[in-house]
Amino acid sequence: MNVYLDNAASTPVHKEVLDTMLPYLSTNYGNPSAIHSNGKKNKAAIELSRKTIAKYLNCKSQEIIFCSSGTEANNIALKLAVENLGVKHIITSEIEHKSVLNIILYLEEEKNVKVSYVNLNKDGTIDIDSLESILKSNSDKALVSIMHAQNELGSINDINKISSLTKKYGALFHTDTVQTIAHIPFNLQENNIDFLTASAHKFHGPLGSGFLYKNEKLKIGTWLHGGGHERNIRSSTENISGIVGMAQALKMAYDNLENEKYKILELKNYFKQELKKNMPNVIFNEAPQNLYTILSVTFPSIKYDLASVLIKLDMKGIAVAGGSACSSGSIKFSNVLRKLKYNENEITLRVSFSIYNTKEELDYTVNALNEL
Ligand code: PLP
């Protein structure tokens, strides 16, 4: 049996999304910048996709900048905030995604940006009081970059509270919502978010397509220099199929949100119940507000090392995540769990669900884990 429980890493593209994309890879091939009608139709498809995304997030369509990924959107927001908006101090957490942590390290080393890290709660959320005390004592132009849901734990930060604080202290606010966009409703008119990052392949859209929301009051310069696409921020001929696929996936996710959430939560609760029944000492690493698609679980009685566990599960056709893969292809204990002082001798796995999973798959996975 093949069991895919790594949906926080990437999701299968919905059939309807693929159907929306296919014409732009076959018959509708005009360059959107061209004068001829083939091109103009494709330009219109891109602008319609922008409008669709903006409608669901309740923002203006000109505030959506299409790009290739969550990684790119995070890089654009943070680098251009320093280069164009005078940011001298970035306040973040040590358990952000690498695409945030590493651009911030670059900005610290190469651009002399001051970096402060907020204290963390054991459940993977940030300590709001620590954020406020850093903001209170800050006198520089600051930007706070805090993710909405942590990608290994699913712990959800209160971005409304964070955005009220950034407003109170005059800081900018960037949030990486790669794990939550299309899984949780957003209303960008109602909070003080300046930049928001999203990636299509986390919500059944295509790989290679993402977007950055940028509040229109902020004037940033050029990220990719070229023909002036995406309001001169990110040049390059648009990834039309990727953009229309992403908009369709986002639309489907929000139109079916309650049903899908219900189904996924049912699967997750069933999995937890079966795990507990078979292995009473498992520990679920959950915050009071936790994303329904992600379950982090620790298995104190598994005696194999992490790589062996992942390989044994893979040999049974089960895909889950654990630790960080390094460039040599070996598996290391997760940096995120290390920062949160998890026991490095215990196995912690991330199991992440989608509507395509079934109870039979979960039974099969529980059995496999029980054998270990
Ligand atoms: N941010 C978070 C929280 C993520 O989980 C990921 C991917 O796993 C990214 C950013 C990077 O997104 P992408 O794969 O589109 O570059």
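Look a little higher up for the structure.
The structure presented is a predicted model; accordingly, all values stated were derived computationally and were not measured. (Residues numbered from 1 in each chain as written. Predicted model: local features only at pLDDT ≥ 70, side-chain atom pairs only at ≥ 80, totals over all residues. Heavy atoms only, no water.)

Novice: Any details on the overall build of the chain? Residues and values, ideally.
Specialist: Along the chain, the regular secondary structure elements total 11 helices and 14 strands. Taking 2.2 N^0.38 as the reference for a compact globule, 372 residues should give roughly 21 Å; the C-alpha atoms of the chain span a radius of gyration of 21 Å, in line with that estimate. Projected onto the principal axes, the alpha-carbon positions of the chain cover approximately 60 × 55 × 40 Å. For the chain, the proportion of its 372 residues judged to be buried stands at 56%. Contacts spanning at least 24 positions in sequence make up 71% of the contacts within the chain whose residues lie at least 6 apart. Surface exposure of the chain reaches about 16,300 Å², of which carbon and sulfur atoms provide 50%. (Helix = DSSP H or I, 4+ residues; strand = E, 2+ residues; numbered from the N terminus. Rg over C-alpha atoms; globule rule 2.2 N^0.38 Å. Buried < 20%, exposed > 50% of the residue type's maximum accessible area, 1.4 Å probe, protein only. Contact = heavy atoms within 4.5 Å. Areas by Shrake-Rupley, 256 points an atom, 1.4 Å probe, with all protein chains shown as cover.)

Novice: Can you break down the pattern of salt bridges residue by residue, with the values?
Specialist: Pairing between side chains of opposite charge can happen when the charged atoms of each approach one another. Scanning the entire structure with this criterion turns up 19 salt bridges. Among the salt bridges present, the one from Glu 132 reaches Lys 168, with a minimum N-O distance of 3.0 Å. With Glu 132 in helix α5 (residues 128-136) and Lys 168 in helix α6 (residues 159-168), this pair connects stretches of sequence that are 36 residues apart. Take Lys 168: its relative accessible area is 58%, and that puts it in the exposed class. For Glu 371, the salt bridge goes to Lys 316, with nearest N and O atoms at 3.1 Å. (Salt bridge = Lys/Arg side-chain N within 4 Å of Asp/Glu carboxyl O.)

Novice: Please give an account of unusual backbone geometry that cites residues and values.
Specialist: A negative phi angle characterises most non-glycine residues, just as the trans form characterises most peptide bonds. Residue Asn 58 is not a glycine yet carries a positive backbone phi of 55°. Relative to the helices and strands, Asn 58 resides in the loop between α2 (37-57) and β2 (64-67). You will see that Lys 341, though not glycine, has its phi angle at about 65°, which is positive. With respect to the helices and strands, Lys 341 occurs in the loop between α10 (335-339) and β14 (347-352).

Novice: Summarise the site of the ligand; cite the residues concerned and give the values.
Specialist: If you check the shell around the ligand, you find 14 residues, and the closest are Gly 70, Thr 71, Asp 176, Ser 199 and Lys 202. A distance of 2.9 Å separates an oxygen atom of the ligand from a polar side-chain atom of Gln 179. A distance of 2.5 Å separates an oxygen atom of the ligand from a polar side-chain atom of Lys 202. Examining the composition of the shell around the ligand, we find that 3 residues originate from one element, helix α3 (residues 70-85), more than from any other. For the shell around the ligand, a count of residues per class yields 2 nonpolar, 10 polar and 2 charged. (Near = heavy atom within 4 Å. Polar contact = N/O pair within 3.5 Å; in protein donor to acceptor, adjacent residues only side chain to side chain. Nonpolar A, V, L, I, M, F, W, Y, C, P; charged D, E, K, R; others polar.)

Novice: An account of the packing of aromatic side chains is needed here, citing residue identities and associated values.
Specialist: If you walk through the whole model with that rule in mind, you get 2 aromatic pairs. Ring plane angle 15° and centroid distance 5.9 Å describe the contact between Tyr 56 and Tyr 254, whose orientation is recorded as stacked. With a gap of 198 residues between them, Tyr 56 in helix α2 and Tyr 254 in helix α7 (residues 240-255) connect regions that are remote in the sequence. Classification of Tyr 254 by relative accessible area gives buried; the value is 12%. Ring geometry for Phe 271 against Phe 353: centres 5.9 Å apart, planes inclined by 70°, an arrangement best described as edge-to-face. Of this pair, Phe 271 sits in helix α8 (residues 257-278) while Phe 353 sits in the loop between β14 and α11 (359-371), placing them 82 residues apart in sequence. Considered together, Phe 271 and Phe 353 belong to a single accessibility category, that of buried residues. Note that Lys 272 overlies the ring of Phe 284, its terminal NZ or CZ placed 5.3 Å from the centroid. (Phe/Tyr/Trp six-rings, centres within 6.5 Å; stacked < 30°, edge-to-face > 60°. Lys NZ or Arg CZ within 6 Å of the ring centre and 35° of its normal.)

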